[in-house]
Amino acid sequence: VSFKISPSNQISKLMLLKLLQFGNTWWLLLVISFCFHSQFGFAMVSSNATKKGIAAIAQLRSTSNKLANLAAVAECARLARQKKASMLFLPECFGFIGESSDQTLENAEDPSAVDNNTSIQNHESISSFLKSACTETPEAPLTTTAGSQISILDGLRTIAKESNLWISGGGMHIGGAPPDETEGSPRVYNTHLVLDEKGHVQALYRKIHLFDVSIPGKVELRESKTTAPGTEVVLCDSPLGRLGLSTCYDMRFPELYMELVKRGAQILLMPSAFTVPTGMAHWHTLLQARAIESQCYVLAAAQVGKHNGKRESFGHTLAVDPWGTILADAGGAKSTSEVDSAPSIVTCEIDLEAIDSIRQRMPIGMHRDNAKFS
């Protein structure tokens with residue numbers, strides 16, 4: 001009988017040789033079980049295990065001005081290329097934040113825009129402006145009266161192609177959702193898209209957990225009024241590793257991330273537009289907890305500051321490693337950080353071998369699978 005052991009699993013290989021030499025059968029079977037589980041049961045690092053790359057995670061202050069929002073994304077792409085990043089991660093609502101549910105519905109993207117062969121394209125002047133913004137800061141903003149007619153997704157495609165970056169568009173409203181079951185009112189999907197460097201959609205995730213929260217005197221939001229929940233767990237292979245997609249409020253539900261890890265996720269994406277009260281209470285704690293329990297990198301692009309008279313976001317774009325260490329924090333509400341402006345980016349190195357190493361030293365995936373409750 002032969003057993004296949006990952007080349008990177010040098011410690012386990014040496015242990016096996018020693019155990020074979022001294023004939024300790026019980027410990028031999030235990031280590032074989034651990035090696036097998038590490039390789040197959042907990043979705044250890046795939047064939048690109050030795051690959052390292054740079055992730056650029058954006059912090060934005062989006063408004064109802066789609067063109068200005070896309071220009072901010074283009075600036076972040078330019079900064080990401082300067083840092084030699086291979087992928088840019090954007091927050092939830094990167095392309096539009098309105099003042100009312102009616103504005104959200106009116107400005108939702110046509111579902112046909114997701115098709116990689118779509119004919120929905122922005123005016124040539126808009127595309128040229130965004131291409132220029134990817135390489136240098138525009139001397140003056142482009143003025144247009146066609147704000148609501150701008151395709152956020154087509155603009156994002158332009159930026160991805162011009163900057164040669166993969167882009168995670170952390171959340172945009174796309175039509176085609178079923179109406180509200182009780183009131184019959186129209187709804188959209190809060191959709192997290194991943195585009196490759198050619199502008200092609202590689203993955204589409206519809207936010208599962210919707211943010212319906214009332215904190216008297218502080219927060220009153222009911223996302224389900226205009227948004228239908230998704231149902232599918234979504235992963236996507238990328239130049240940095242296998243991505244597990246989610247959006248904002250999803251981060252409070254660890255079972256989603258356990259499923260993503262079982263399916264091979266190495267980097268968990270949690271783009272957000274967190275409110276200031278909930279951010280101050282839970283943001284850093286939640287993101288570090290998700291990283292520790294999943295033994296994955298966590299990248300959380302964030303909205304920051306006042307978007308309009310009704311809405312303000314916490315900020316603190318964050319990168320967390322599989323051990324729970326914060327690698328980068330862009331600052332935000334109640335922060336002394338100097339990196340709290342928007343648009344801005346923070347960067348971190350993604351090292352897939354670090355995931356492998358941590359999971360070998362502390363195989364909590366195996367322990368979780370083997371646990372029995374009565």
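Everything below is about the structure printed above this text.
Residues numbered from 1 in each chain as written. Predicted model: local features only at pLDDT ≥ 70, side-chain atom pairs only at ≥ 80, totals over all residues. Heavy atoms only, no water.

What to know about the pattern of salt bridges
So, point 1. Per the stated rule, a full pass over the model turns up seven salt bridges.
So, point 2. Salt-bridge contacts for Lys207 lead to Glu223; the nearest nitrogen and oxygen are separated by 2.9 Å. Highlighted residues: Lys207 in the loop between β5 (201-206) and β6 (212-215) and Glu223 in the loop between β7 (219-222) and β8 (235-238), separated in sequence by 16 residues.
So, point 3. The class of Glu223 is buried, set by a relative accessible area of 13%.
So, point 4. Two residues, Lys306 and Glu312, come together in a salt bridge whose shortest N-O distance is 3.4 Å.
So, point 5. Judged by its relative accessible area of 58%, Lys306 falls in the exposed class.
So, point 6. With a relative accessible area of 37%, Glu312 lands in the partly exposed category.
So, point 7. If you follow the salt bridges from partner to partner, you end up with Glu92, Lys207 and Glu223 in one network. (Salt bridge = Lys/Arg side-chain N within 4 Å of Asp/Glu carboxyl O. Helix = DSSP H or I, 4+ residues; strand = E, 2+ residues; numbered from the N terminus. Buried < 20%, exposed > 50% of the residue type's maximum accessible area, 1.4 Å probe, protein only.)

Comments concerning the sheet that holds strand β10 (residues 267-269)
Neighbouring strands of a sheet are bound in pairs by backbone hydrogen bonds; such pairs are parallel or else antiparallel.
So, point 1. Strands sit in the order β8-β9-β10-β11-β14-β15 across an open sheet of six strands; the sheet is mixed. Because the sheet does not close on itself, it has two edges, and the strands there are β8 and β15 (326-329). Each adjacent strand pair in this sheet contributes to an overall mean axis angle of 20°, direction not counted.
So, point 2. Alignment of β8 against strand β9 (residues 241-244), held across four bridges, turns out to be antiparallel. Bridging across to β9, Ser238 finds its partner in Gly241.
So, point 3. Helix α8 (residues 276-294) rests against β10, β11 (297-300), β14 (318-320) and β15 of the sheet, and its axis sits at about 30° to β14. (Pairing = 2+ DSSP bridges. Axes fitted to C-alpha atoms, helices over the stretch in contact; angles between N-to-C directions. Contact = heavy atoms within 4.5 Å.)

What about the packing of helix α5 (residues 124-133) against helix α6 (residues 152-163)?
So, point 1. In the contact formed by α5 and α6, the axes pass within 9 Å of each other and the chain directions differ by 40°. Of the possible angle classes, the one that applies to α5 and α6 is oblique. Of the two elements, α5 crosses α6, and the hand of that crossing is right-handed. Between α5 and α6, the residues in contact are Ser127, Leu130 and Lys131 and Asp154, Gly155, Thr158, Ile159 and Glu162, respectively.
So, point 2. Class assignment for the residues of the contact of α5 with α6 results in two nonpolar, three polar and three charged. (Parallel < 35°, antiparallel > 145°, perpendicular 65-115°, else oblique. Left-handed = near helix turned anticlockwise from the far one by under 90°. Nonpolar A, V, L, I, M, F, W, Y, C, P; charged D, E, K, R; others polar.)

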